[in-house]
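Spelled out from the first residue to the last, the chains are:
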Amino acid sequence: MSALLELEGVEARYGPVRALHGVSLEVPEGSIVAVLGANGAGKTTTLRSVSGTVRRTGKVTFDGKPLRGGPEAVARAGIAHVPEGRGTFTELTVVENLRLGAYVRRERDLKDDIDRIAHWFPWIPERRNQAAGTLSGGEQQMLALARALMAKPRLLMLDEPSLGLAPMIVREIFRIVRELNEQDGLTVLVVEQDARIALDTASRAYVLEVGRVAVAGSSEELERNESVRRSYLGY
Amino acid sequence: MQQVVAGLASGSIYASLALALVLIHRATGVINFAQGEMATLSTYIAWTLTTNHGWSYWPAFVFTLLASFVGGAAVHQGVIRPNEKGSLLRVVIVTIGLLLFINGLVTMIWGGEVRAVQSPFPTRTIEIAGVAISIQDIGTIGVVLATVVALWLLFQYTKIGLAMRAAAVNPAEARLVGVRVTWMLTLGWGLAAVLGAIAGMLAAPSLFLDPTLMAALLIYAFAAAVLGGIDSPVGAIVGGLTLGVGLNLIGTYVDFIGADLRLPVALAVILIVLLVKPSGIFGRSEVRRV
């Protein structure tokens, strides 16, 4: 398997504060890769350095070509980034959020795509004209995911999809992500604090500690790793 | 009744300019103090085309709208954008500078004298249900109404309109889905300039054209926008019409106010709304999540 996304020695900073100290990782085409770590370890910044929402140095390669430019260009390259804390336009309706998700595509008729989305999220069509801000937290997270799928991305980046959600809804979201991967071959890079569900879903994972990759390996290897188990799985 | 229609006509002019202010405030978070002067400049362009170059009214009207759109977009790209990285106050001061600049420019080119502007509509009145209504008033309301409907269609049903709304409500998120936010703001400035130009051209026949044409109108428009809620397009329209009718009725029936004291009434409206309900009729008070 070739790597769809590859980071090599990526550094990023917010003003004078350096958040990433040379992160290297690979996301093979068709796989789910998880990035784990405590608060402030640089998980979110790793995704941001890919989507161009933070200034970075180092090499980021997507589909064999260097990835350049701001988020607009990255979105056009085929990467959909669902940011932390429900990336929806709360003042716009559900269907407007979906239309915006497909913004980078040329097709005018989105009916088929919305039907496809309805297969994963059956509640969406009946609430299409509701403002996204009036949805529950779990629904907003699902809408953010649905919106990202509307772009037909080659790579989906999820930032803490479990944040503040009930365990049942978290399991539902990860189930959908896994099925999208198995059925459509969608490549996923997910950042997650809930290490257990992330390792259950991903085939490969990286553990970040203060802006560096501390441990990397297959999910099984990490589950067996003594220190990962103690720090992140809690047993 | 006659006064109500006349009020609606001037109110629709306030509404048009108020809508321009709201568009820009929603997108950039600042009041564009130069909005009125930009409209004055547009009106002079239309006047020059019809008076000096023999254009007939409507082609000159359309050409002026196009020129205003380009001008508004150019102002954003050339003057506002380089200052957007700084504080909001900096942008506000830039728009005030722009106000002075355009005012000086207009006076330099066209001089300060007052000029009569032809109206596209006849000034005679027609009688509807026993009420004499001026055709000019109906025409003014019609033009603004058509503009508002066109804008609504643009924002509601087109991809680019949706992208402009997204860029205004959540720029960071909009960039992530691939919207080129800066260009959307530029488009917004262009559209706002078009709205201003419409207000200016509709106001000029009855107010006469001189470099201060829009000075008072901008205050009325600001009052209308504040009344309706500075971030609400619907509010700008309702606020404009309410203010137009209200001022006209007060001016006619309240003796001590008359026509001369309308401007202070508008200022009082701004003050009272800001004191009592700062978010306006249709505005929502801002909730910041931490």
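Our subject is the structure listed above.
Reading the values: rules and limits
- Residues numbered from 1 in each chain as written.
- Chains lettered and ligands numbered in written order.
- Predicted model: local features only at pLDDT ≥ 70, side-chain atom pairs only at ≥ 80, totals over all residues.
- Helix = DSSP H or I, 4+ residues; strand = E, 2+ residues; numbered from the N terminus.
- Rg over C-alpha atoms; globule rule 2.2 N^0.38 Å.
- Buried ≥ 20, exposed ≤ 12 C-beta atoms within 10 Å, placed from the backbone.
- Contact = placed C-beta atoms within 7 Å.
- Nonpolar A, V, L, I, M, F, W, Y, C, P; charged D, E, K, R; others polar.
- Axes fitted to C-alpha atoms, helices over the stretch in contact; angles between N-to-C directions.
- Left-handed = near helix turned anticlockwise from the far one by under 90°.
- Pairing = 2+ DSSP bridges.

Remarks on the overall build of chain A
Stage number 1. The helix and strand inventory of chain A stands at nine helices and 10 strands.
Stage number 2. For 235 residues, the compact-globule formula gives about 18 Å, and the C-alpha radius of gyration of chain A, at 17 Å, lands near that figure.
Stage number 3. Along the three orthogonal principal directions, the C-alpha set of chain A runs to about 45 × 40 × 35 Å.
Stage number 4. Taking all 235 residues of chain A together, the buried fraction comes to 48%.

Remarks on the interface of chain B and chain A
Stage number 1. Listed by partner, the interface residues are 13 residues for chain B and 18 residues for chain A.
Stage number 2. Taken together, the elements giving at least two residues each to the side of chain B that touches chain A come down to α6 (159–169) and α7 (171–176) of chain B.
Stage number 3. Of the residues that constitute the side of chain B that touches chain A, the class distribution is seven nonpolar, two polar and four charged.

As for the packing of helix α2 (residues 35–51) of chain B against helix α3 (residues 57–80) of chain B
Each pair of packed helices can be summarised by the angle the axes make with each other and by the distance between the axes.
All names here are of chain B.
Stage number 1. Their axes nearest at 9 Å, the elements α2 and α3 cross at an angle of 145°. When the axes of α2 and α3 are compared, the crossing they make is right-handed. Contact residues: α2 offers Met38, Ser42, Ile45, Ala46, Leu49 and Thr50, while α3 offers Tyr57, Ala60, Phe61, Phe63, Thr64, Ala67, Ser68, Gly71 and Gly72.
Stage number 2. Classifying every residue of the contact of α2 with α3 gives nine nonpolar, six polar and no charged.

Section: helix α1 (residues 43–51) of chain A
Residues and elements named next belong to chain A.
Stage number 1. Counting buried positions along α1 gives nine out of nine residues, so the element sits mostly inside the fold.
Stage number 2. If you check which residues of α1 are buried, you get Lys43, Thr44, Thr45, Thr46, Leu47, Arg48, Ser49, Val50 and Ser51.
Stage number 3. At the C-terminal side of α1, Gly52 shows a positive phi close to 80°.

Regarding the sheet that holds strand β3 (residues 32–37) of chain A
Paired through their backbone hydrogen bonds, the strands of a sheet run either parallel or antiparallel.
Residues and elements named next belong to chain A.
Stage number 1. Strand order in the open sheet made by the six strands is β6-β7-β8-β3-β9-β10, with mixed pairing throughout. Two strands bound the open sheet, and with one partner strand each, they are β6 (79–82) and β10 (212–218). Averaged over all pairs of adjacent strands, the angle between their axes in this sheet comes to 15°, without regard to strand direction.
Stage number 2. One ladder, built from six bridges, connects strand β9 (residues 204–209) with β10; its direction is antiparallel. What sits directly across from Glu209, in β10, is Arg212.

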